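# Summary of the model geometry
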Amino acid sequence: MVVISLGGSVISGEELNIDYIREFRSFMEHCNERVFVVVGGGHTARKYIHTAKELGWDQYSLDKIGIMATHLNAKLLLTSTTNTEIPRTVDEAVVASKIYKDVVMGGTEPGHTTDGVALLLAERMGADYVINITSVGGIYDKDPRTHKDAMLIESMSYAEAMSLLTDKKMNAGLNVPLDMLALKIAERSNIKIYIVGTELENIKKVINNANFQGTVIK
Ligand code: UTP
């Protein structure tokens, strides 16, 4: 079984990335492993959160609208091998896993991101790793989008990853590689987090325990 946190921005930018949506659906359908994917909100979430914020909504309600965006994105990944309705909780995902080979879900509760959900799902299912698919493809010593000389950090501890987060405020729509809940759950249950880019061949390498491009947090 493979648990994947699929960053929303991978499929939802200014436009929805239909090519990647097709590719990912096919990957799930043909994967010999069972695939459990938690889909993020991406641009759709940020757009709605931004507008609702302008309207004066509180943070809880902003999170709720963000969750709705994750469900909307998740819908696009439903295939013949997955559930037909999006689970609202990890427990509902577990129920779906009794029926379907693959399970697709989005966010659950306010206060964290879909990375946290992926880790809780992994913990509940007894998975020993989560693959976090992001546009950036790993953790770098500097932002690789603005620094050409940014170096990939291949491996880091949970504590090191947590210290990267501590100076960042957790707000709806914030663009950080992982949230604290995800790291805390990973640490307490010893679940590795592989942060990789979108390339499915690279993701298969992680699944097959081969050399991959990205960062592992352990
Ligand atoms: P994401 O998980 O996509 O968060 O959820 P993110 O890190 O901002 O964005 P990407 O997609 O990885 O780039 C979008 C928003 O939905 C709410 C939060 O406000 C989050 O920022 N959310 C999501 C929750 O409140 N709870 C959840 O379980 C999931």
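Up top is the structure these notes are about.
This section reports on the structure supplied with the text. (Residues numbered from 1 in each chain as written. Predicted model: local features only at pLDDT ≥ 70, side-chain atom pairs only at ≥ 80, totals over all residues. Heavy atoms only, no water.)

Residue placement: Thr-44 occurs in helix α3 (residues 42–54). Sequence-distant contacts of Thr-44, that is, excluding residues within four places in its chain, are made with Ser-12, Ala-69, Leu-72 and Asn-73. (Helix = DSSP H or I, 4+ residues; strand = E, 2+ residues; numbered from the N terminus. Contact = heavy atoms within 4.5 Å.)

So, on to the nonpolar core. In terms of nonpolar packing, the biggest core is built from 32 residues, with Val-3, Leu-119, Leu-121, Leu-183, Ile-193 and Ile-217 touching the most fellow members. In terms of residue count, the dominant contributor to this core is helix α6 (residues 114–125) (6 residues). Apart from the residues lying within four places of it in its own chain, the contact partners of Val-3 are Phe-36, Ala-118, Leu-121, Ala-122, Ala-127, Tyr-129, Val-130 and Ile-131. Core analysis: the next-biggest nonpolar cluster, separate from the first, contains 29 residues, Val-2, Cys-31, Leu-77 and Ile-86 among them. (Core = buried A, V, L, I, M, F, W, Y, C linked by side-chain atoms within 4.5 Å. Buried < 20%, exposed > 50% of the residue type's maximum accessible area, 1.4 Å probe, protein only.)

Per the counting criterion, the structure on display carries 5 salt bridges. Where Glu-92 meets Arg-88, a salt bridge forms, and the shortest distance between an N and an O atom there is 2.8 Å. Residue classification places Arg-88 among the exposed positions, given a relative accessible area of 56%. (Salt bridge = Lys/Arg side-chain N within 4 Å of Asp/Glu carboxyl O.)

Once that is clear, we can look at the sheet that holds strand β1 (residues 2–6). Sheet architecture is open: 7 strands sit in the order β3-β2-β1-β4-β8-β9-β7, paired in mixed fashion. Looking at which strands have only one partner, the edges of the open sheet turn out to be β3 (103–105) and β7 (155–156). As paired elements, strand β8 (residues 192–196) and strand β9 (residues 215–217) share 3 bridges and run antiparallel to each other. Looking at the pairing, Tyr-194 lines up with Val-216 of β9. Sheet strands touched by helix α9 (residues 200–207): β1, β4 (129–133) and β8. Its angle to β4, the strand with the most contacts, is close to 170°. (Pairing = 2+ DSSP bridges. Axes fitted to C-alpha atoms, helices over the stretch in contact; angles between N-to-C directions.)

Secondary-structure assignment places Thr-82 in the loop between α4 (59–75) and α5 (90–97). For the pair Thr-82 and Tyr-100, spaced 18 residues apart in sequence, the C-alpha separation works out to 5.5 Å. If we skip the residues at most four places from it in the chain, Thr-82 touches Met-28, Leu-77, Tyr-100, Asp-102 and Val-104. A distance of 2.9 Å separates a polar atom in the side chain of Thr-82 from the backbone nitrogen of Thr-79. (Polar contact = N/O pair within 3.5 Å; in protein donor to acceptor, adjacent residues only side chain to side chain.)

Okay, the site of the ligand next. Among the 25 residues in the neighbourhood of the ligand, the closest are listed as Gly-41, Asp-63, Thr-108, Glu-109 and Thr-114. Here a nitrogen atom of the ligand sits 2.6 Å away from a polar atom, N or O, in the main chain of Glu-109. In the model, an oxygen atom of the ligand is placed 2.4 Å from a nitrogen or oxygen of the Thr-114 side chain. If the ligand stood free it would expose 570 Å²; the protein chains cover 95% of that surface. Contributing elements (two or more residues each) for the shell around the ligand: α1 (8–11), α3, α4 and α6. A breakdown of the residues in the shell around the ligand according to their chemical character gives 7 nonpolar, 15 polar and 3 charged. (Near = heavy atom within 4 Å. Areas by Shrake-Rupley, 256 points an atom, 1.4 Å probe, with all protein chains shown as cover. Nonpolar A, V, L, I, M, F, W, Y, C, P; charged D, E, K, R; others polar.)

Scope: geometric values only; no functional claims are made or implied.
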